[in-house]
Amino acid sequence: MKKIAGTLKVDQAQYRELEAFSKFGSDLDASTLSVLNKGARNVEILKQAQYAPVPVEKQIAIIYCGTIGLLRDVPVNKVREFETNFIEILELKHSDILGQLREGILNDKITGVLEEVAADVASKYKS
């Protein structure tokens with residue numbers, strides 16, 4: 001989890017700062033918009049239903065998608081739907097990957113599968 005979420009705290013702090021700043025300015029450059037969009041999606045992936053904790057391996061998988069920007073094509077209001085579909089595919093087709101994440105294993109093969117599945121699911125949301 002530390003490997004995956006290492007930049008999340010910094011990213012979210014930057015998002016909150018720019019979010020407050022953007023309320024006062026109307027002209028935002030592309031990099032600022034990118035940080036705001038990524039931050040908004042990360043806020044959505046961090047939400048959990050009350051009394052329904054998410055297992056750590058699923059948290060790692062979805063947070064990985066958010067921290068490296070795999071959700072940029074997913075509208076903010078569809079992030080929960082993306083998350084459900086993404087986890088469902090991992091459970092059905094790649095349960096071994098979830099098992100390895102549960103054991104604390106993270107390598108290029110695992111991240112490759114996560115990126116591939118995320119790209120497939122996110123492609124449904126492209127305009």
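Scope of this entry: the structure provided in the associated data block. Everything numeric in this text was worked out from a predicted model, so none of it was measured.

Attention shifts here to unusual backbone geometry. Despite not being glycine, Tyr51 shows a phi value in the positive range, around 65°. Tracing the sequence through the fold places Tyr51 in the loop between helix H3 (30-46) and helix H4 (56-67).

Okay, the layout of surface pockets next. Of the volumes computed, that of the largest pocket is approximately 240 Å³. Along its surface, the largest pocket is lined by 16 residues, and Ser34, Val35, Asn37, Lys38 and Gly39 are the ones closest to its centre. Breaking the lining of the largest pocket down by element, the ones donating at least two residues are helix H2 (8-22), H3 and H4. Per-element tally for the lining of the largest pocket: the top contributor is H3, with 7 residues.

Across its 15 residues, helix H7 (residues 108-122) extends 20 Å between first and last C-alpha, which sits within 8% of the 21 Å expected from 1.5 Å per residue. All buried positions along H7 are accounted for by Ile110, Thr111, Val113, Leu114, Val117, Ala118, Val121 and Ala122. End-on view of H7: buried residues confined to an arc of 160°, all on one side of the axis. For H7, the exposed residues lying more than 90 degrees away from the buried face are Asp108, Lys109 and Glu116. Here the buried face of H7 lies against H4, helix H5 (79-93) and helix H6 (95-102).

So, how was this worked out
- Residues numbered from 1 in each chain as written.
- Predicted model: local features only at pLDDT ≥ 70, side-chain atom pairs only at ≥ 80, totals over all residues.
- Heavy atoms only, no water.
- Helix = DSSP H or I, 4+ residues; strand = E, 2+ residues; numbered from the N terminus.
- 1 Å grid on protein atoms, 1.4 Å probe; cavity = no way out; pocket = protein on both sides within 12 Å on 5 of 7 lines; lining within 4 Å.
- Points joined across faces, edges and corners; volume = space filled by probe spheres on them.
- Expected span 1.5 Å × (residues − 1).
- Buried < 20%, exposed > 50% of the residue type's maximum accessible area, 1.4 Å probe, protein only.
- Arc of directions from axis to C-beta.
- Contact = heavy atoms within 4.5 Å.

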